[in-house]
Amino acid sequence: TVDENALFGEGIDEVPFRKEYANLLLKFNQQNEALKNFLLLTKQSPNDPDNYFQAGQIYEQQNRYDIALGLMQKCAMLDKKHAKAHAEIGLMLYRTKQFNEAKKEIDIALKLSPETYSSYYYLGKILKEAKDLQGAIKAFEKAQRDPEVKQKAIIEHGSCYMLAGRNDNALVDFQRAIELDKDNSHQETLYARYFLAVCYE
């Protein structure tokens, strides 16, 4: 109602309102509406790196990596210590097969924030692609400390064991990943079930 009817400036400051509103829209899976608000915020508050980061993440989830990469780079330019932005840039470079550049960005992210365990998830993906399964397994183990990527990291950990022909270890990981999803609602659980079935086969 506020979004549709408010005259901003009359007791309602638009920038904090849009930030709050955009985050709520994200929480309720209204990505396109959230994106509109974050893009508006990049114009209204151009020196706030978080707006570029959030908009970049939405574009990334929509597989529009060219736009997402530009927004993430803008975020990293405004805040050189934004570890997550460097990690996301690394992931997008990885997706476009620019592995060396991707590794550099992930290394920056880890140097800036070794406790941002999600960065190890991306590092694991790069090492797995480079066929360094041992290194990837170690990276995915560290990534499991981040609750947001924990399930994905366990599945990737298991898939490395699968590639190495160690199906018994892989079975344990996929079973753990499925058990993490109490209400069976995550897309990743489907992958875990599929890989588990392959192991049983």
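Quick look at the structure, then. (Residues numbered from 1 in each chain as written. Predicted model: local features only at pLDDT ≥ 70, side-chain atom pairs only at ≥ 80, totals over all residues. Heavy atoms only, no water.)

**Description of the side chain of His 82**
Here's step 1: In this structure, His 82 sits in the loop between helix 5 (65-78) and helix 6 (83-95).
Here's step 2: Here Ala 85 takes part through its backbone nitrogen, which lies 3.1 Å from a polar atom of the side chain of His 82. (Helix = DSSP H or I, 4+ residues; strand = E, 2+ residues; numbered from the N terminus. Polar contact = N/O pair within 3.5 Å; in protein donor to acceptor, adjacent residues only side chain to side chain.)

**Description of unusual backbone geometry**
Here's step 1: Although it is not a glycine, Asn 63 adopts a positive phi angle of roughly 65°.
Here's step 2: Tracing the chain through its elements places Asn 63 in the loop between helix 4 (49-61) and helix 5.
Here's step 3: Owing to a relative accessible area of 53%, Asn 63 belongs among the exposed residues under this scheme.
Here's step 4: The backbone of Lys 131 sits at a positive phi, close to 65°, despite the residue not being glycine.
Here's step 5: Positionally, Lys 131 belongs in the loop between helix 8 (118-129) and helix 9 (133-143). (Buried < 20%, exposed > 50% of the residue type's maximum accessible area, 1.4 Å probe, protein only.)

**Notes on the packing of helix 10 (residues 150-163) against helix 11 (residues 167-180)**
Here's step 1: Their axes nearest at 8 Å, the elements helix 10 and helix 11 cross at an angle of 165°. When the axes of helix 10 and helix 11 are compared, the pair comes out roughly antiparallel. Helix-helix and strand crossings are classified by hand; for helix 10 and helix 11 the assignment is left-handed. Of helix 11, the residues touching helix 10 (which contributes Lys 150, Gln 151, Ile 154, Ile 155, His 157, Gly 158, Ser 159, Tyr 161 and Met 162) are Asn 167, Asn 169, Ala 170, Asp 173, Phe 174, Arg 176, Ala 177 and Leu 180. (Axes fitted to C-alpha atoms, helices over the stretch in contact; angles between N-to-C directions. Parallel < 35°, antiparallel > 145°, perpendicular 65-115°, else oblique. Left-handed = near helix turned anticlockwise from the far one by under 90°. Contact = heavy atoms within 4.5 Å.)

**Re the pattern of salt bridges**
Here's step 1: Tallying each qualifying case throughout the model produces 11 salt bridges.
Here's step 2: The shortest N-O distance in the salt bridge between Asp 3 and Arg 18 comes to 2.9 Å. With Asp 3 in helix 1 (residues 2-5) and Arg 18 in helix 2 (residues 14-27), the pair connects residues that are 15 residues apart, well separated along the chain.
Here's step 3: In this structure Arg 18 comes out as buried when scored by relative accessible area, which is 7%.
Here's step 4: Connected via shared salt-bridge partners are Asp 3, Glu 14 and Arg 18. (Salt bridge = Lys/Arg side-chain N within 4 Å of Asp/Glu carboxyl O.)

**Remarks on helix 7 (residues 99-112)**
Here's step 1: Spanning 14 residues, helix 7 covers 20 Å between terminal C-alpha atoms, matching the ideal 20 Å at 1.5 Å per step.
Here's step 2: When we look at burial in helix 7, the residues that qualify are Ala 102, Glu 105, Ile 106, Ala 109 and Leu 110. The arc enclosing the buried residues of helix 7, seen along the axis, measures out at 135°, which places them on a common side. Exposed residues lying more than 90 degrees from the buried face of helix 7 are Asn 100 and Lys 111. (Expected span 1.5 Å × (residues − 1). Arc of directions from axis to C-beta.)

**So, the nonpolar core**
Here's step 1: Counting 54 residues, the largest nonpolar core has Phe 38, Ile 106, Tyr 121 and Leu 123 as its most contacted members.
Here's step 2: Counting residues per element, this core draws most heavily on helix 6, at 7 residues. (Core = buried A, V, L, I, M, F, W, Y, C linked by side-chain atoms within 4.5 Å.)

**Points about the packing of aromatic side chains**
Here's step 1: Under the defined criterion, the tally for this structure stands at 8 aromatic pairs.
Here's step 2: With centroids separated by 6.1 Å and ring planes inclined at 25°, the aromatic side chains of Tyr 117 and Tyr 120 adopt a geometry described as stacked.
Here's step 3: Tyr 120 sits in the buried class, given a relative accessible area of 13%.
Here's step 4: Each member of the aromatic cluster is reached from another via a ring pair, and the members are Phe 8, Phe 17 and Tyr 21. (Phe/Tyr/Trp six-rings, centres within 6.5 Å; stacked < 30°, edge-to-face > 60°.)

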